[in-house]
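Inside the fold
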Amino acid sequence: EHELAGFGIRLNATPPDITFRRKNGGGINFQTSITQTKGLDRDVCTRLLKEYRISSADIFLRGDYDIDQFIDVVNGDCKYMPALYVMNKIDQLTIK
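Values in this document were obtained by computation on a predicted structure and should not be read as measured data.

Parameters and conventions
- Residues numbered from 1 in each chain as written.
- Predicted model: local features only at pLDDT ≥ 70, side-chain atom pairs only at ≥ 80, totals over all residues.
- Heavy atoms only, no water.
- Salt bridge = Lys/Arg side-chain N within 4 Å of Asp/Glu carboxyl O.
- Helix = DSSP H or I, 4+ residues; strand = E, 2+ residues; numbered from the N terminus.
- Buried < 20%, exposed > 50% of the residue type's maximum accessible area, 1.4 Å probe, protein only.
- Pairing = 2+ DSSP bridges.
- Axes fitted to C-alpha atoms, helices over the stretch in contact; angles between N-to-C directions.
- Contact = heavy atoms within 4.5 Å.
- Polar contact = N/O pair within 3.5 Å; in protein donor to acceptor, adjacent residues only side chain to side chain.

**Notes on the pattern of salt bridges**
In the structure shown here, the tally under the stated rule is 3 salt bridges. For the salt bridge of Asp17 with Arg62, the shortest nitrogen-to-oxygen distance reads 3.4 Å. With a gap of 45 residues between them, Asp17 in the loop between strand S1 (9-11) and strand S2 (18-22) and Arg62 in the loop between strand S4 (57-61) and helix H3 (67-75) connect regions that are remote in the sequence. Judged by relative accessible area, which is 39%, Asp17 ranks as partly exposed. Residue classification places Arg62 among the partly exposed residues on the basis of a relative accessible area of 37%. We note a salt bridge from Lys23 to Asp58, for which the minimum N-O separation is 3.2 Å. Of the two residues, Lys23 is situated in the loop between S2 and strand S3 (28-32) and Asp58 in strand S4; the sequence distance between them amounts to 35 residues. The exposure class of Lys23 is partly exposed, given its relative accessible area of 29%.

**Topic: the sheet that holds S4**
With mixed pairing, the 3 strands of this open sheet are ordered in space as S2-S4-S3. Only two strands of the sheet have a single partner each, and these edge strands are S2 and S3. The sheet shows a mean angle of 5° between the axes of neighbouring strands, direction not considered. In this sheet, S4 lies alongside S2 in antiparallel orientation, the contact comprising 5 bridges. Bridge pairing links Ile18 to Leu61 in S4. Its contacts with the sheet put helix H2 (residues 42-51) on S2, S3 and S4, and the angle it makes with S3 is roughly 140°. Contacts from H3 reach S2 and S4, with the element oriented near 45° to S2.

**Some thoughts on the side chain of Gln36**
Checked against the element boundaries, Gln36 lands in the loop between S3 and H2. Here the side chain of Gln36 touches Ile34 through a polar contact of 3.2 Å, landing on its backbone oxygen. For Gln36, the side chain forms a polar contact with the main-chain oxygen of Gly63, separated by 2.7 Å. Apart from the residues lying within four places of it in its own chain, the contact partners of Gln36 are Leu61, Gly63, Asp64 and Tyr65.

Read these as layout, nothing more, since geometry by itself doesn't imply function.
This is the structure in structure tokens:
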């Protein structure tokens, strides 16, 4: 799972419910519906968006999210999919 996370594939995870829209002007409009406990606040979002050279955007957080989930929404290139783990019982046998 960790190897795939580096390529933008998130296994057994749901996409964050974050609305992100770029605007032509007007600055950053930041709104939350739940108190953020994982460190994602207006100042952190503004600094991250400045690194991506975005100066005007609408951001609405409908859950408690961390910085990595916000970056995934800004990039827009992550895929969220379920995983199926398959184990072959023949691999558990030892030859004596």
